[in-house]
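# Descriptive analysis of the structure
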Amino acid sequence: MSAHKKPTATLTQSHWPLSRWLVIAAVLIVLDQLSKWYFELNFQFAERLNILPFFDFILVYNTGAAFSFLANHGGWQRWFFAALSLIASAVIIYLLRRNPAKSLFNLALTLILAGALGNLIDRLLLGHVIDFLLFYWGDRYFPAFNLADCFITVGAGLLILDELLRIRRQKQV
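Cut-offs applied
Residues numbered from 1 in each chain as written. Predicted model: local features only at pLDDT ≥ 70, side-chain atom pairs only at ≥ 80, totals over all residues. Heavy atoms only, no water. Salt bridge = Lys/Arg side-chain N within 4 Å of Asp/Glu carboxyl O. Helix = DSSP H or I, 4+ residues; strand = E, 2+ residues; numbered from the N terminus. Buried < 20%, exposed > 50% of the residue type's maximum accessible area, 1.4 Å probe, protein only. UniProt positions renumbered as here; feature names shortened; annotations may be inferred. Contact = heavy atoms within 4.5 Å. Phe/Tyr/Trp six-rings, centres within 6.5 Å; stacked < 30°, edge-to-face > 60°. Lys NZ or Arg CZ within 6 Å of the ring centre and 35° of its normal.

Turning our eyes to something else, we now look at the pattern of salt bridges. In this structure the tally under the stated criterion is four salt bridges. Ionic pairing is found between aspartate 32 and lysine 36, a salt bridge with its closest N-O pair at 2.8 Å. Of the two residues, aspartate 32 and lysine 36 both sit in helix H1 (residues 18-42), four residues apart, roughly one turn of that helix. Residues aspartate 32 and lysine 36 agree in their burial class; the two are buried. Measuring nitrogen to oxygen at the nearest pair gives 2.5 Å for the salt bridge that ties aspartate 56 to arginine 48. A single network of salt bridges, built from pairs that share partners, joins Asp32, Lys36 and Asp122.

Not every positive phi belongs to a glycine, and alanine 46 is a case in point at roughly 70°. Given the relative accessible area of 40%, alanine 46 is considered partly exposed.

Those places that UniProt annotates as "active site" (unreviewed entry) correspond, in this numbering, to Asp131 and Asp149. In terms of the greatest pairwise C-alpha distance, the residues named above, spread along 19 residues, form a tight cluster of at most 9.0 Å across. Among the secondary structure elements, aspartate 131 is positioned in strand E3 (residues 129-137). You can call aspartate 131 buried: its relative accessible area is 3%. Aside from chain neighbours lying at most four places away, what touches aspartate 131 is Ile58, Leu59, Val60, Asn62, Ala144, Phe145, Asn146 and Asp149. Its relative accessible area of 22% is what places aspartate 149 among the partly exposed residues. Apart from residues lying up to four places away in sequence, aspartate 149 is in contact with Asn119 and Asp131.

This next bit is on the packing of aromatic side chains. The tally for this structure, following the rule as stated, stands at 12 aromatic pairs. Plain terms: the ring middles of tyrosine 38 and phenylalanine 39 are 5.2 Å apart, the flat faces sit at 85° to each other, and that makes the pair edge-to-face. Judged by relative accessible area, tyrosine 38 falls into the partly exposed class, the value being 45%. One aromatic cluster is present, formed by Tyr38, Phe39, Phe43, Phe54, Phe55, Phe57, Phe132, Phe135, Phe142 and Phe145 through successive ring pairs. It is arginine 20 that lies over the ring of tryptophan 16; its NZ or CZ is 5.5 Å from the centre. The ring of tyrosine 136 has arginine 48 lying over it, and the distance from NZ or CZ to the ring centre is 5.4 Å.

Here it is as structure tokens:
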């Protein structure tokens, strides 16, 4: 009679524990906060520094959401967006815990988590989000944004790409 051992589950390159995704998010949050602190300490409000013919550094504050949505609505939006960030972060952590794969999906969620928490820190500590990246062409301006916004945008793009790749894989089967 031979003894058969059950194979033990080991972490391979395709599986990462939740803690690794959270460490990546934490590093991104630190980068976001350091960049915001740099501009807060070295620029006056609305001060601009031209970098390229279509790009400036600028220090501005946003009490709303993307594109200053709800920015001038008396302050309640600070708590609304803070609550929204907390709820989204909880859902993302739940999804990361449920899906331990090292995947494009989890990378996307991690970027969105870092962006949401980076801007949440600003909202809770300052009452506004610090923005400092300004792109424009002639007299047309894209609203100023920050690294946390970049993380959220890239994460959302990666979620779309992941879904398109999933659909493509299903069609091949």
